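# Structure at a glance
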Amino acid sequence: MVAPVLDRFDPRLDPMPPPVDRRTLIARLERVLPREALIHKTEGMRVFETDGLAAYRGMPAVVALPANVAEVRAVLKVCRELGAPVVARGAGTGLSGGALPTPGCVLLGLSRMSAILEIDAAAGLARVQPGVRNLAISEAVRPLGLFYAPDPSSQLACSLGGNVAENAGGVHCLKYGLTVNNVQGLEIVTLDGEVLRLGGETLEAPGFDLMALITGSEGLLAIVTEITVRLTPLPEATQVLLAAFPETRAAGQAVADIIAAGLIPAGLEMMDRLALTAAEAHTGAGYPLDAAAILLCELDGAPEDIGADLERVRTICEAAGASLARIARDEAERERFWAGRKGAFPAMGRMAPDYYCIDGVIPRRALPEVLDAITRLSDQFGLAVANVFHAGDGNLHPLILYDAQAPGELDRAEALGGAILELCVAKGGAITGEHGVGREKINQMCAQFTPEELETFAALKRAFDPEGLLNPGKTIPTPQRCVAHGAMHVHAASPPFPHLDRF
Amino acid sequence: MSMPQARPSPTLTASEDADLGAALSARVAEAAARGEPLRLVGGGSKDALAQALSGARLDLSGHRGILDYAPSELVMTARAGTPLAQIEAALARSGQRLAFEPPIMSPASTLGGVVAAGLSGARRPFAGGVRDAVLGVKILDGRGRILRFGGTVFKNVAGFDAFRLMAGAYGCLGVLLEVSLRVAPAPQTTLHLAFEEAWPRAKARLEALLRRPVPVTGAVHDGAGLLLRLEGPDHGVRALAAELGGVVDNSEIWEALRQRRYGPHQAARLWRVLIPRRADTAELEGLAEAPLLRDWAGAEIWLASEASADRVRDAARRIGGHAALHRGARAGEAVFPPLAPAVLALHQRLKRALDPAGVLNPGRLYQEL
């Protein structure tokens with residue numbers, strides 16, 4: 001386990017509203033919420049101290065658990081009147097500290113709003129409350145031949161409200177899109193207590209695309225109280241191919257060739273030697289241990305078509321130098337291949353006491369040089385890195401192995417993670433593909449964006465939240481923080497010969 | 001019926017590539033300092049879609065050129081003034097295309113205009129819209145500052161999706177300088193089918209069909225019958241066509257639809273009504289001078305009607321929809337559907353955040369913006 005550290009919000013670097021008298025805050029909330037919806041004893045609040053980024057923790061002033069939109073409104077009105085910060089929380093599975101309590105905040109937990117309100121199979125839509133678990137939607141609509149496509153790895157536990165806040169992804173994004181591409185309507189409550197409906201049953205809404213702005217806004221703009229999601233018909237068949245490569249460069253080439261051939265796999269995952277070795281030891285997936293990298297390529301569709309297309313994938317992998325390219329014999333083997341990939345993170349427990357999961361994005365063509373550079377950084381910082389990669393959409397998850405008990409290793413792991421993210425920016429990518437910025441990557445935002453761009457984000461936030469009460473100290477760094485971090489904005493190198501096609 | 005002019009040759013247009021970013025930036029900064037409204041113009045093909053056109057002309061059509069396109073990345077980055085035709089030709093050479101199928105309102109249509117208007121074609125319900133394809137933008141804000149949001153990668157959750165906000169904002173929040181779009185492989189096989197059947201029957205057919213994982217990428221009813229477009233892997237497309245029967249049709253109708261010159265599109269006063277796709281349209285039919293043209297599997301209605309804006313908008317609202325005047329707005333009539341007061345107030349605050357002097361296309365989308 002990671003040794004907990006108390007995150008220190010710094011009033012000189014983070015925009016912290018002035019402190020609010022805790023007893024007044026609790027007294028006011030007690031007037032608008034039933035007793036069981038408020039937690040303010042330390043023992044009861046312990047579980048809300050941290051989210052999926054367990055290295056960071058902080059104690060809220062009070063935890064509010066509203067059961068409906070009227071209660072959400074009432075809580076926000078109290079917070080606005082008193083000037084108390086509000087941190088929204090879904091299931092608390094987020095990996096970037098987005099639900100980490102800021103000092104003196106009201107932690108607004110939405111887990112009690114967990115009803116699936118309506119399923120309209122003919123329209124292909126479901127209306128749900130924010131506390132509904134991601135997987136619960138797919139389970140509910142499976143008998144109707146439908147599913148909800150975005151499938152973050154935490155889908156068993158994570159909530160739809162959290163998915164919207166983070167614009168969650170998953171392994172099937174290349175074909176089915178992110179949360180933002182699968183949400184058609186939102187009900188939000190703003191800090192001044194207005195309940196707004198954005199989008200809904202029509203495919204597009206008039207005016208600015210506020211739904212896109214809210215999706216991925218990490219609790220900084222408004223509280224989402226209802227979500228209309230698009231449902232997708234279940235594919236007729238699904239099949240997966242496992243390919244092994246003697247070097248990572250060849251695997252990267254195969255990924256590019258598969259996409260250039262016009263194929264859109266439902267999933268396209270890569271693991272390097274350290275990751276696949278750990279996964280094999282953990283789950284016995286049947287991965288070849290002599291490979292430098294493996295690819296898992298999943299196709300779905302009509303059985304005849306995926307059969308033909310998988311043959312094309314096999315040919316492409318072999319041409320790129322694969323030492324093995326094998327289609328899963330049956331459903332059991334397909335599940336075993338995936339079990340290895342899905343168990344890759346917990347499998348790291350065998351390699352080191354702790355691991356730190358990074359979430360960078362790069363253009364696919366930069367993969368070989370980025371992997372080489374990560375190897376160099378790994379040597380430089382003296383920490384091993386295992387690479388797991390949503391190769392189809394360029395989303396890299398380097399897992400930094402360290403020992404939190406060893407003095408200085410956590411700091412070194414964080415520094416190495418920061419260096420990897422800044423490398424992603426330099427290659428034209430991004431500091432986060434699906435985990436969000438939250439508290440964790442707030443300093444790297446200074447590398448991704450110019451001061452003017454960050455100021456624009458702050459201005460957009462002020463349009464919703466003039467007093468800066470919603471999730472302060474997250475996602476958008478202040479200019480002071482960027483100066484203190486010393487990070488210069490990293491310019492993505494412009495590609496040479498921009499007019500030439502690149503294969 | 002006028003046919004479109006020949007598309008400009010990409011080799012010719014490529015030689016006209018130019019980066020006018022610095023000059024445009026200076027011009028916007030100057031306008032902001034003076035409080036002088038600017039009217040943003042790309043190809044000028046969507047002038048009819050405007051509440052008001054006012055201000056000094058800011059011509060963006062010279063700021064053009066494809067900046068980066070690697071087919072294996074499925075991403076194209078181009079300057080906003082690049083003609084849509086040039087972009088589509090470059091994609092076609094690599095067997096790719098724009099999934100959202102932007103309408104071709106004129107051969108002069110530019111990438112920036114397509115994104116600013118946020119208009120998507122028949123593939124919208126099946127492959128997503130403009131806002132789904134936009135991965136990143138470089139813009140000038142209302143002070144003339146160059147800002148980049150998003151990037152060239154599919155997954156990117158760093159900061160707010162300010163880039164998606166530009167899709168459909170009609171230039172009111174920023175001047176598009178560059179856009180990175182996600183592109184898609186062209187399908188292996190395409191078939192066009194036609195079924196002579198009235199809407200209620202077609203609606204029932206679609207309802208059953210679209211609950212299955214079928215390779216349908218277009219479903220249009222023109223009053224006389226249902227037109228279906230199947231695109232995808234060869235086997236799946238042919239198997240579905242064999243199952244459905246229907247008459248194998250040619251693609252001309254689909255081109256006409258894309259160019260907005262099909263049947264009811266010609267009406268002097270034309271409404272675009274977005275509705276839940278299974279809503280009861282009897283009241284809209286009562287207001288129509290010609291049979292409804294139903295695109296997006298019934299979710300996008302083209303309505304030729306001389307009825308007052310209030311009557312059409314009320315009818316749309318009663319079935320959960322909203323109506324925009326695509327052509328033929330009368331004096332005093334709003335082009336775009338009205339927003340709820342609190343939503344409008346939020347629009348005004350967002351406008352002020354990005355364009356404090358209010359110089360970018362003022363009044364084009366809503367009088368209050």
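Conventions and cut-offs
- Residues numbered from 1 in each chain as written.
- Chains lettered and ligands numbered in written order.
- Predicted model: local features only at pLDDT ≥ 70, side-chain atom pairs only at ≥ 80, totals over all residues.
- Heavy atoms only, no water.
- Contact = heavy atoms within 4.5 Å.
- Buried area = accessible area lost by both parts, 1.4 Å probe.
- Salt bridge = Lys/Arg side-chain N within 4 Å of Asp/Glu carboxyl O.
- Helix = DSSP H or I, 4+ residues; strand = E, 2+ residues; numbered from the N terminus.
- Nonpolar A, V, L, I, M, F, W, Y, C, P; charged D, E, K, R; others polar.
- Pairing = 2+ DSSP bridges.
- Axes fitted to C-alpha atoms, helices over the stretch in contact; angles between N-to-C directions.
- Buried < 20%, exposed > 50% of the residue type's maximum accessible area, 1.4 Å probe, protein only.
- Parallel < 35°, antiparallel > 145°, perpendicular 65-115°, else oblique.
- Left-handed = near helix turned anticlockwise from the far one by under 90°.
- Expected span 1.5 Å × (residues − 1).
- Phe/Tyr/Trp six-rings, centres within 6.5 Å; stacked < 30°, edge-to-face > 60°.
- Lys NZ or Arg CZ within 6 Å of the ring centre and 35° of its normal.
- Domains from an automatic or database assignment.
- Disulfide = S-S within 2.5 Å.

### A word on the interface of chain A and chain B
Counting residues at the interface gives 87 residues for chain A, matched by 74 residues for chain B. Among the residues chain A hides against chain B, the three largest losses belong to Leu203(A), Glu204(A) and Phe208(A). Together they make up 12% of the total. For the pair chain A and chain B, the interface holds 8 salt bridges. Between Arg124(B) and Glu204(A) there is a salt bridge; the shortest N-O distance is 2.5 Å. When residues of the side of chain A that touches chain B are traced back to their parent elements, those giving at least two are helix H6 (173-176), helix H7 (210-214), helix H8 (248-260), helix H10 (303-319), helix H15 (445-448) and helix H16 (451-464) of chain A. If one sorts the elements of the side of chain A that touches chain B by residue count, H16(A) sits on top with 10 residues. For the side of chain A that touches chain B, the per-class residue count stands at 45 nonpolar, 22 polar and 20 charged.

### Here we look at the sheet that holds strand E11 (residues 195-199) of chain A
Residue and element names in this part refer to chain A. Strands sit in the order E7-E8-E12-E10-E11 across an open sheet of 5 strands; the sheet is antiparallel. The open sheet terminates on both sides in strands that have one partner only, identified here as strand E7 (116-120) and E11. Between one strand axis and the next, the sheet turns through 10° on average, direction left out of account. Both strand E8 (residues 125-128) and strand E12 (residues 223-230) contribute to a ladder of 4 bridges, which runs antiparallel. The residue bridging Ala126 from the neighbouring strand is Val229, located in E12. Set on the sheet, helix H4 (residues 134-141) makes contact with E7, E8 and E12; between it and E7 the angle comes to about 40°.

### Examining the sheet that holds strand E4 (residues 62-64) of chain A
Backbone hydrogen bonds are what pair the strands of a sheet, in a parallel or an antiparallel way. Residue and element names in this part refer to chain A. The mixed open sheet is built from 4 strands, whose spatial order is E2-E4-E6-E5. Looking at strand neighbours, the two that pair on one side only are strand E2 (38-39) and strand E5 (86-89), the edges of this open sheet. Pairing of E2 with E4 involves 2 bridges; the strand directions are antiparallel. Bridge assignment links Leu38 to a residue of E4, and that residue is Ala64. The strands that helix H3 (residues 69-82) touches are E4, E5 and strand E6 (106-109); relative to E6, the one it contacts most, it runs at about 165°.

### Some words on helix H3 (residues 84-93) of chain B
Residue and element names in this part refer to chain B. Counting buried residues along H3, 7 of its 10 residues qualify, which places the element largely inside the surrounding structure. Residues of H3 that are buried: Leu84, Ala85, Gln86, Ile87, Glu88, Ala90 and Leu91. Directly after H3, the chain includes Gly95, whose backbone phi takes a positive value near 70°.

### Let's talk about the packing of H16(A) against helix H13 (residues 341-354) of chain B
Viewed as axis vectors pointing N to C, H16(A) and H13(B) meet at an angle of 155°, and their least axial separation amounts to 9 Å. With respect to H13(B), the element H16(A) is oriented roughly antiparallel. Crossing angle aside, the handedness with which H16(A) passes H13(B) is right-handed. Contacts from Thr456(A), Ala459(A), Leu460(A), Ala463(A) and Phe464(A) of H16(A) reach H13(B) at Leu346(B), Arg349(B), Leu350(B), Ala353(B) and Leu354(B).

### Side note on the packing of helix H13 (residues 367-381) of chain A against helix H14 (residues 409-426) of chain A
All names here are of chain A. At a minimum axis distance of 10 Å, the contact between H13 and H14 shows a crossing angle of 155°. Here H13 lies roughly antiparallel to H14, going by the angle between them. In this structure, H13 crosses over H14, and the sense of that crossing is right-handed. Of the residues in H14, those touching H13 at Val370, Ala373, Ile374, Leu377, Ser378 and Phe381 are Arg412, Ala415, Leu416, Ala419, Ile420 and Leu423. When grouped by side-chain class, the residues that make up the contact of H13 with H14 number 10 nonpolar, 1 polar and 1 charged.

### A short note on H10(A)
Within an α-helix, residues lying three or four positions from one another point in the same direction, as the helix has 3.6 residues per turn. Here H10(A) contains 17 residues, and its C-alpha end-to-end distance of 24 Å stays within 8% of the 24 Å for a straight helix at 1.5 Å per residue. Those residues of H10(A) that are buried are in contact with strand E14 (237-245), H8, strand E16 (293-301) and strand E17 (324-327) of chain A together with helix H9 (234-244) of chain B. Once H10(A) ends, the next one or two residues include Gly321(A), with phi positive near 110°.

### Points about the packing of aromatic side chains
Counted according to the given criterion, the structure contains 7 aromatic pairs over all chains. With a centroid separation of 6.3 Å and an interplanar angle of 70°, the aromatic rings of Phe345(A) and Tyr355(A) are classed as edge-to-face. Of this pair, Phe345(A) sits in helix H12 (residues 344-347) while Tyr355(A) is found in strand E18 (residues 354-357), placing the two residues 10 residues apart along the sequence. With relative accessibility at 17%, the residue Phe345(A) sits in the buried group. Look at Phe449(A) and Phe457(A): their rings are 4.9 Å apart centre to centre, the planes differ by 85°, and that puts the pair in the edge-to-face class. Each member of the pair Phe449(A) and Phe457(A) is classed as buried. An aromatic cluster is defined as three or more aromatic residues linked by ring pairs; in this entry it consists of Phe449(A), Phe457(A), Phe149(B) and Phe160(B). The ring of Phe154(B) is capped by Arg364(A), whose NZ or CZ atom sits 5.5 Å from the centre of that ring. The positively charged end of Arg205(B) is found above the aromatic ring belonging to Phe195(B), 4.1 Å away from the centroid.

### A look at the domain arrangement of chain B
All names here are of chain B. What the domain assignment lists for chain B is domain 1 (1-186), domain 2 (189-258) and domain 3 (263-327). Each of domain 2 and domain 3 has a C-alpha centre, and these two points are 22 Å apart. With 12 residues of domain 2 in contact, the opposing surface of domain 3 contributes 13 residues. Looking at the side of domain 2 facing domain 3, the largest losses of area belong to Trp199, Lys203 and Leu257, adding up to 39% of the total buried there. Joining domain 2 to domain 3, the criterion identifies 1 salt bridge. The salt bridge involving Arg278 is made with Glu207; its shortest N-O contact spans 3.2 Å.

### Considerations on the state of the cysteines
In protein structure, a disulfide is the covalent linkage between the sulfur atoms of two cysteines. Residue and element names in this part refer to chain A. With the rule as written, the count across this model stands at 1 disulfide over all chains. Each disulfide pairs two cysteine sulfurs, and for Cys446 the partner residue is Cys482, the sulfurs being separated by 2.1 Å. Taking the torsion about the S-S bond as the criterion, the Cys446 to Cys482 disulfide, at about -85°, is left-handed. In this pair, Cys446 sits in helix H15 while Cys482 sits in helix H17 (residues 479-485), placing the two residues 36 residues apart along the sequence. Just as Cys446 is buried, Cys482 falls in that class too. The thiol of Cys158 is unpaired, and the distance to the nearest cysteine sulfur, on Cys173, comes to 12 Å.

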